[in-house]
Amino acid sequence: MESFLKVLLILSSAIALHVSFTTKNVPSSKEVVHQTFNERIFTRLVTYGFPTIKAIYWAVSFAEIAIITTGPNYLSVIRNTPITLPFILGTALAVAGGLIRLWCYRTLGRFFTFQLSVCDGQHIVTTGPYAVIRHPSYAAGMVEIIGILILHGSTNSWLRCSGVLDIPGLQLIVVAWLAQIALLIINVVCRVSQEDEVLKLTFRGEWERWAKAVRYRLIPGIY
């Protein structure tokens, strides 16, 4: 029963990350895309980094699930890796972050894009998560990443205890994955101000009224 529950939790975090890093909305050629240096980096992350991040995470998740469900006797120690508090906390944060980002996708609809753009017919959305903070999808993404780092980076995690990191080349892959995540976080923090500036210049009074009502960008009551 514990193994079945753990498989479900592993799948839930993988699905949450996949949903968070996927959108079909792309600005058309008629829509304005603001290309700064930071934005060009982000565009490349979306094009090349996001598929890599998702692929590696699915590979790790399926590897753990395979060992839990079909591992031979000499892998019994790995198979019996318990459901720990960090595992539960990390999964909860990852899934919560993914659900909030999905909420943001649904709230903005076709206006949600990974590119910094102003779509035809767009307006300031002030409902749902956008009534709490101005950039809830970024905040949720950071919560999700923190959860994933806790889930797979804690001392008793499968990735740390299984010995798979001793496989030649795998540590380099993990480091590359973490480097992409770090670059993404830095990019997003810089992007918050850029996005606010674009919306302010485009929607002026509408944005100012929203910014006055929703003062905080990422963390309610703090920032």
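Residues numbered from 1 in each chain as written. Predicted model: local features only at pLDDT ≥ 70, side-chain atom pairs only at ≥ 80, totals over all residues. Heavy atoms only, no water.

Colleague: Help me understand the overall build of the chain in this model?
Modeller: Assigned secondary structure in the chain consists of eight helices and two strands. For the chain, the N- to C-terminal ordering of α and β elements is α-β-α-α-α-β-α-α-α-α. Structurally, the chain occupies a C-alpha span of about 65 × 30 × 25 Å along its principal axes. The 223 residues of the chain split such that 42% are buried. For the chain, long-range pairs separated by at least 24 residues make up 81% of all intrachain contacts whose partners lie at least 6 apart in sequence. Only carbon and sulfur atoms are counted for the fraction: they give 67% of the accessible area of the chain, which is about 12,000 Å². Charge separation in the chain, taken as the distance between the mean sites of 19 positive and 12 negative side-chain charges, equals 2 Å. (Helix = DSSP H or I, 4+ residues; strand = E, 2+ residues; numbered from the N terminus. Buried < 20%, exposed > 50% of the residue type's maximum accessible area, 1.4 Å probe, protein only. Contact = heavy atoms within 4.5 Å. Areas by Shrake-Rupley, 256 points an atom, 1.4 Å probe, with all protein chains shown as cover. Lys, Arg positive; Asp, Glu negative; His and termini not counted. Charge placed at Lys NZ, Arg CZ, Asp CG, Glu CD.)

Colleague: Help me understand the packing of helix H5 (residues 136–153) against helix H7 (residues 170–203) in this model?
Modeller: At a closest axis distance of 11 Å, the pairing of H5 and H7 adopts a crossing angle of 160°. When the axes of H5 and H7 are compared, the pair comes out roughly antiparallel. Viewed along their axes, H5 and H7 form a crossing whose handedness is left-handed. Two secondary-structure elements touch here, H5 through Tyr138, Met142, Ile145, Ile148 and Leu149 and H7 through Trp177, Leu178, Ile181, Leu184, Ile185, Val188, Val189, Arg191, Val192 and Glu195. Broken down by class, the residue content of the contact of H5 with H7 amounts to 13 nonpolar, no polar and two charged. (Axes fitted to C-alpha atoms, helices over the stretch in contact; angles between N-to-C directions. Parallel < 35°, antiparallel > 145°, perpendicular 65-115°, else oblique. Left-handed = near helix turned anticlockwise from the far one by under 90°. Nonpolar A, V, L, I, M, F, W, Y, C, P; charged D, E, K, R; others polar.)

Colleague: Help me out: how do you make sense of the packing of aromatic side chains in this one?
Modeller: Each pair of aromatic rings is reported with the distance of its centres and the angle of its planes. For the structure shown, the criterion picks out seven aromatic pairs. Linked through ring pairs, Phe21, Phe42, Phe50, Tyr105, Phe112 and Phe114 together constitute an aromatic cluster. Across the ring face of Phe87, the terminal group of Lys6 is positioned such that the distance to the ring centre comes to 5.2 Å. Over the ring of Phe42 we find Arg191, and its NZ or CZ is 4.0 Å from the ring centre. (Phe/Tyr/Trp six-rings, centres within 6.5 Å; stacked < 30°, edge-to-face > 60°. Lys NZ or Arg CZ within 6 Å of the ring centre and 35° of its normal.)

Colleague: Would you take a moment to explain helix H2 (residues 37–70) for this structure?
Modeller: Three- or four-residue spacings in an α-helix give side chains the same orientation, since the helix completes a turn every 3.6 residues. Between its first and last C-alpha atoms H2 spans 48 Å; for 34 residues at 1.5 Å apiece the expected length is 50 Å, and the two agree. The largest bend in H2 amounts to roughly 45° and is located at Gly49, with the proline Pro51 lying one to four residues further along. (Expected span 1.5 Å × (residues − 1). Bend = angle between axes of the 7 residues up to and from the residue.)

Colleague: How should the side chain of Arg191 be read in this particular structure?
Modeller: As for its position among the elements, Arg191 is in helix H7. Here Arg191 falls in the buried class, since its relative accessible area comes to 2%. At 2.8 Å, the side chain of Arg191 forms a polar contact with the side chain of Glu39. (Polar contact = N/O pair within 3.5 Å; in protein donor to acceptor, adjacent residues only side chain to side chain.)

Colleague: Help me understand the pattern of salt bridges, please; the structure alone is not making it clear to me.
Modeller: Oppositely charged side chains can pair when the atoms bearing their charge come close. Following the criterion strictly, the structure yields four salt bridges and no others. The partner of Lys6 in a salt bridge is Glu64, and the shortest N-O contact between them spans 3.8 Å. With Lys6 in helix H1 (residues 2–20) and Glu64 in helix H2, the pair connects residues that are 58 residues apart, well separated along the chain. By the burial criterion, Lys6 is buried, and Glu64 matches it. Note that Arg134 is salt-bridged to Asp196, the shortest N-O span being 2.9 Å. Here the residue Arg134 occupies a position in the loop between strand S2 (117–118) and H5, and Asp196 occupies one in helix H7, the gap between them amounting to 62 residues. Of the two residues, Arg134 and Asp196, neither departs from the other in class, the shared state being buried. (Salt bridge = Lys/Arg side-chain N within 4 Å of Asp/Glu carboxyl O.)

Colleague: Would you mind going over the confidence of the model for the chain with me for this structure?
Modeller: When pLDDT is low, close inspection of the predicted coordinates is not appropriate. Residues at a pLDDT of 70 or more form 92% of the chain, whose mean pLDDT is 86. Mean pLDDT per element in the chain: helix H3 (residues 76–79) is the minimum at 48, and helix H4 (residues 85–108) is the maximum at 94. (pLDDT = per-residue confidence, 0-100.)

Colleague: Help me understand H7 in this model?
Modeller: Taking 1.5 Å of rise per residue, 34 residues should cover 50 Å, and H7 covers 48 Å from first to last C-alpha, within 8% of that figure. Where H7 bends most, the angle comes to about 30°, and this point is Arg191. Directly after H7, the chain includes Arg204, whose backbone phi takes a positive value near 45°.

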